[in-house]
Amino acid sequence: MGSTRRLRSAASAVAAFVLLVVLWELAKLVLPDAGVTVGGTRILPRTDDAAMPHVWTVLARLGAPEVAGAAEPRAVGAAIASGALFTLGLALGGLVLGGIAGVLLAVLMQRFAVAEKAVLPYVIASQTVPLIAIAPLVAGWGGKIAIGGWAWEPWASVMVISSYLAFFPISVGMLRGLTSPREADVEMFRSLAAGWWTTLVRLRLPASVPHLVPAVRLAAAAAVVGAIVAEISTGTRGGIGRLIIEYAQSATGDPSQMYAAILGAAVLGLVAAGAVGLLELALRRYRGSVA
Amino acid sequence: MSAPVGGAAAAGGVGAVAGPGRRFRGVSVIVAPVVFGAAVLVVWQLVVTVGGLPAFLLPAPTAIAEQIGAQFPVLLETAAVTGGNALVGLVLGFVLGVLLAILAAGVRVVSDLVTPVVLAASAIPIVALAPVFTTMFGSTTEIPRRLVVMVVVVVPVYVSTARGLRQVRPVHDELMVALAATRRQYTRFVRLPGAIPYVMTGLRLAAPAAVIAAIVAEYFGGLQNGLGSRISAAAANTAYARAWAFVAASIVLGLLFFLAGLLAERLVTRNRPGGAS
Amino acid sequence: MSTERNAETNAAGNAGISAVELQGVDKTFGVVRALAGVDLTVAAGEFVSLIGPSGCGKSTLLRVVADLVEPTAGTVAVAGTSARQARLDQRYGIAFQQAGLLDWRTVAENVELPLQVHGVGRAERRRRAVELLELVGLAEFAGARPAELSGGMQQRVAIARALAPSPGLLLMDEPFGALDEMTRERMQAELLRIAGETGAAVLFVTHSIPEAVVLSDRVVVMSPRPGRITEIVAGRRPPVAGDDLVPDTVEDVRETAAFFEAVTAVREALRKGAATEGHAE
């Protein structure tokens, strides 16, 4: 039963993406090249090759050299892959940094009621506020400050922004998890004369796993978005975000290279989500504890 | 953030776990964050003015406040552009998300096809689609940014609505069978009204996300008349206090959308429609 | 008014047609025999309880009667027709352990639900809801939301809802299972009064021996693996003599020797059922 259902959902996922490709090509075939404009507003897109390249053109572009006639030609696909890996590394670093900070803050808030009351409203509000807007500002740190002899590199700005975005979902999810044990369980630990630390390690941490996993999933997606946006606004070279902008500016007549890079960014997001999925699998034994 | 709890409701829920006296808690819920916020501002000001923190790292709150005053008309203008884009995208995405979820709940094939796409969309950086829409619709219209917002909004609204439509209590299920209700009656009396809190939760989650998407989409090119482009332009000109002024406006705009979403959720779930004609 | 209408329905019902007739009912879930060869007749206006340990199939049996579960074998007749037809015609009302009210509707709107499903007009629905809420003693809560009501009150609304189409048969699946003991006893008296006033037959699933005895004309004792009827014991349902008298009579019944005898008889029957189960395996 379970395996047929999994097969079905895998098949329907493939079908869904095939359908998207078909819709794209159908739009190119059916709609006028210049799109449809009503009262000066274009309500349907331009569908010529300069706006919506064929799917196969985009894919073929992966194998083409990045810059025609360069001394050491590098395939677009290779550039995108290395850019995506670079960004993935930064996002992962941001996720780890933000995760550690988030967990620590959550433990602090669980331990001290005053800390929770003072800080939590800001944590909640910050989730709903466009924090990513400060990305161009953190970018200004690059090359201007040094910490203990180590000059601040632009990629560090990217990682800071990425960790900033990953931090909030994790701290909120973790706090919810730490406070999730039932009153009866907490009282049981108290009756055993277990201290705060024992209760934390033996009860609250295991109980927080089911809340933490979805938080990490959110945080991972936020870290990837943060890294890409930060690369763009800091002008950090080497990552997929910068690649998208470079390709967009260099190829106005032929956007397929840019589309390939965007595709790479999408794959990057899926890879990050897949990694969280693996983590979830590893922590499966704790899943039953959430009601 | 999954069930119709979260946001401020979650804050209240978590806060209610500890807390000695009811009265003390009632006061400290307001006082503690206000004191904390004021303390942060004072320390920030002192660190910058006394500690000599360079402006590119962090300008002083007073400098930012000054810029807010100086730039006020521009702030309003750009915030209106960004807010307008966020609002149009939010409405479009909300309607699309709810309709898709209702369709998916009724037709299995639709659910099979739409669900994987939406799940994938929740994992990928949707704002990176901004250049695609700009190429397709041209860089002189607001449409690309609105479309980015729409796609960003569809995801939480669809996921939340679909969950609400699935979440029928077994006892209601049995009751409707026992009453020999038709499929349409079942949908009208039980499934749709039962899903409404979830729909509103989706809207509340999506509202601030719409603002964020509208701002970030500007970093990817297209028309440069909103808050996002002002922030990057000011930062590029090393006018950091001015940039922070626009960040502050972004924060206010985001909070406005969040509070509006929260209010809508509260209003609708308080006077829940009877489902009766 | 409603009483008159019900009296008519049940007068017809009393003219020979049983509320429920089960013959050789079998139900298998995969390899589990939930019900094996169940024969049971519930006369019009009769109060019959189903009692037995978990897994004896009493809830399944109730669901077979309600046409929520289809039997693997055997025949089911409800109010002289098939279970399916009886469901389509709303010949029975049903109440579950959870009240299962729709919390976005007012109390009155919840009571109206079965009538609304069957296309009864708004004015008529309103009128009937007022009557039924009076019957269960909740007239002043018509405009309240279910969340504002206590568990016992919610369950009374659920009973009023079950009675909305004036059914000749009431199916109840541990309706008082989630209530505290005091509320529970009060609800039992209420139910006896309502059953007496409407003249409806009741098929009542319960875990509680005293509850089964005090409510029922007959107590059907069941045993598990496979689910079957092992014995039928006479209950001690008090006679109905007008609205106000019933609570007292119920209290009186609980203290009679006959009540304790019946309780003992049911307990013995349950024990015997458990014993034969042990032998069978």
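How each quantity is defined
- Every residue gets a number counted from 1 within its own chain, in the order that chain's sequence is written.
- Each chain is given a letter, starting from A, and each ligand a number, starting from 1, according to the order in which they appear as written.
- Restriction of local features to residues with pLDDT of at least 70 applies here, the model being predicted, together with a cutoff of 80 or more for giving and counting side-chain atom pairs; totals for whole chains, interfaces and linings are based on all residues.
- UniProt positions are given in the numbering used here, feature names are shortened, and annotations may be inferred rather than shown by experiment.
- Under the DSSP-based scheme used, a helix requires at least four consecutive residues in state H or I and a strand at least two consecutive residues in state E, with every element numbered from the N terminus.
- Around each residue's C-beta, the other C-beta atoms within 10 Å are counted; 20 or more make the residue buried, 12 or fewer make it exposed, and counts in between make it partly exposed. All C-beta atoms are placed from the backbone.
- This entry defines residue contacts through backbone-placed C-beta atoms, with two residues in contact when those atoms are within 7 Å.
- Each pair of strands is called paired provided DSSP finds at least two bridges between the two strands.
- Axis angles are defined between N-to-C directions and span 0 to 180 degrees, where every axis is a line fitted to C-alpha atoms and, for a helix, only to the segment in contact.
- Remark: nonpolar core denotes a set of buried Ala, Val, Leu, Ile, Met, Phe, Trp, Tyr and Cys residues whose joining runs through C-beta atoms within 7 Å.

Going by the annotation in an unreviewed UniProt entry, the name recorded for chain B is ABC transporter permease, with Pseudonocardia halophobica given as the source organism. In its Subcellular location (unreviewed entry) section, the UniProt entry covering chain B states "Cell membrane". Of chain B, the UniProt comment under Sequence similarities (unreviewed entry) reads exactly: "Belongs to the binding-protein-dependent transport system permease family."

Looking at an unreviewed UniProt entry, chain A carries the name ABC transmembrane type-1 domain-containing protein, with the source organism given as Pseudonocardia halophobica. Comment text from UniProt for chain A, heading Sequence similarities (unreviewed entry), reads "Belongs to the binding-protein-dependent transport system permease family." What the UniProt record of chain A gives under Subcellular location (unreviewed entry) is the line "Cell membrane".

A. How the structure looks around the overall build of chain B. A count of helices and strands for chain B gives 11 helices and 0 strands. The N-to-C order of helical and strand elements in chain B reads α-α-α-α-α-α-α-α-α-α-α. Looking at the 277 residues of chain B, the share that counts as buried comes to 47%. In chain B, the share of contacts with a sequence separation of at least 24, taken over all contacts with a separation of at least 6, comes to 77%.

B. Broad picture of the sheet that holds strand β9 (residues 218-223) of chain C. Residues and elements named next belong to chain C. Pairing in this open sheet of 6 strands is mixed, and the strands run β6-β7-β8-β3-β9-β10 from one edge to the other. Each edge of the open sheet carries a strand with a single partner, namely β6 (92-95) and β10 (228-234). Averaged over all pairs of adjacent strands, the angle between strand axes in this sheet comes to 20 degrees, irrespective of strand direction. Where helix α2 (residues 58-65) meets the sheet, its contacts fall on β3 (47-51), β7 (169-173), β8 (201-206) and β9, and the angle it forms with β8 comes to roughly 150 degrees.

C. Molecular detail of the nonpolar core. Ile244 of chain A together with Val127, Val148, Val153, Ala210 and Ala213 of chain B are the most contacted members of the largest nonpolar core, which totals 150 residues. Sort the elements by how many residues they give to this core and helix α9 (residues 183-219) of chain B lands first, with 18 residues. Dropping the residues within four chain positions of it, Val148 of chain B is found in contact with Ile126, Val127, Leu129, Ala130, Phe133, Ala213 and Ala217 of chain B.

D. Spotlight on the interface of chain B and chain A. Contacts between the two partners involve 59 residues from chain B and, on the opposite side, 59 residues from chain A. A total of 9 residues in the side of chain B that touches chain A trace back to one element, the largest contributor, which is helix α11 (residues 240-270) of chain B.

E. Region of the structure containing the environment of Phe176 of chain C. All names here are of chain C. Secondary-structure assignment places Phe176 in the loop between β7 and α7 (181-198). Each C-alpha atom of the pair Phe176 and Glu148 lies 19 Å from the other, and the pair is 28 residues apart in sequence. Sequence-distant contacts of Phe176, that is, excluding residues within four places in its chain, are made with Gln155, Arg184 and Met187.

F. Molecular detail of the environment of Pro210 of chain C. Locating Pro210 of chain C in the fold gives a position in helix α8 (residues 209-215). Placed 81 residues apart in sequence, Pro210 of chain C and Ala129 of chain C show a C-alpha to C-alpha distance of 32 Å.

G. Spatial organisation of the UniProt feature "transmembrane region" (unreviewed entry) in chain B. Residues and elements named next belong to chain B. Sites flagged by UniProt as "transmembrane region" (unreviewed entry) map to residues 27-47, 86-110, 117-137, 143-159, 205-223 and 243-264. End-to-end, the C-alpha atoms of residues 86-110 are 28 Å apart, and along that stretch the chain is 96% helix and 0% strand. Taken end to end, residues 243-264 has its terminal C-alpha atoms 32 Å apart, with 100% of it in helix and 0% in strand.

H. Layout of the sheet that holds strand β1 (residues 20-29) of chain C. Residue and element names in this part refer to chain C. Sheet architecture is open: 4 strands sit in the order β2-β1-β4-β5, paired in antiparallel fashion. Two strands close off the open sheet at either side, each with one partner strand: β2 (32-42) and β5 (81-82). As defined by bridge partners, β1 adjoins β2 across 7 bridges and the pair is classed as antiparallel. Note that in β2 the partner of Lys27 across the bridge is Leu35.

I. Broad picture of the interface of chain C and chain B. Between chain C and chain B, the residue contacts involve 17 residues of the former and 19 residues of the latter. Mapped by element, the contributors of at least two residues to the side of chain C that touches chain B are α3 (83-88) and α4 (107-117) of chain C. When residues in the side of chain C that touches chain B are grouped by element, the largest group, 5 residues, is from α4 of chain C.

J. Structural detail: the UniProt feature "domain: ABC transmembrane type-1" (unreviewed entry) in chain B. Here, the residues flagged by UniProt with the feature "domain: ABC transmembrane type-1" (unreviewed entry) are residues 75-264 of chain B. Annotated as 85% helix and 0% strand, the span residues 75-264 of chain B places its first and last C-alpha atoms 26 Å apart.

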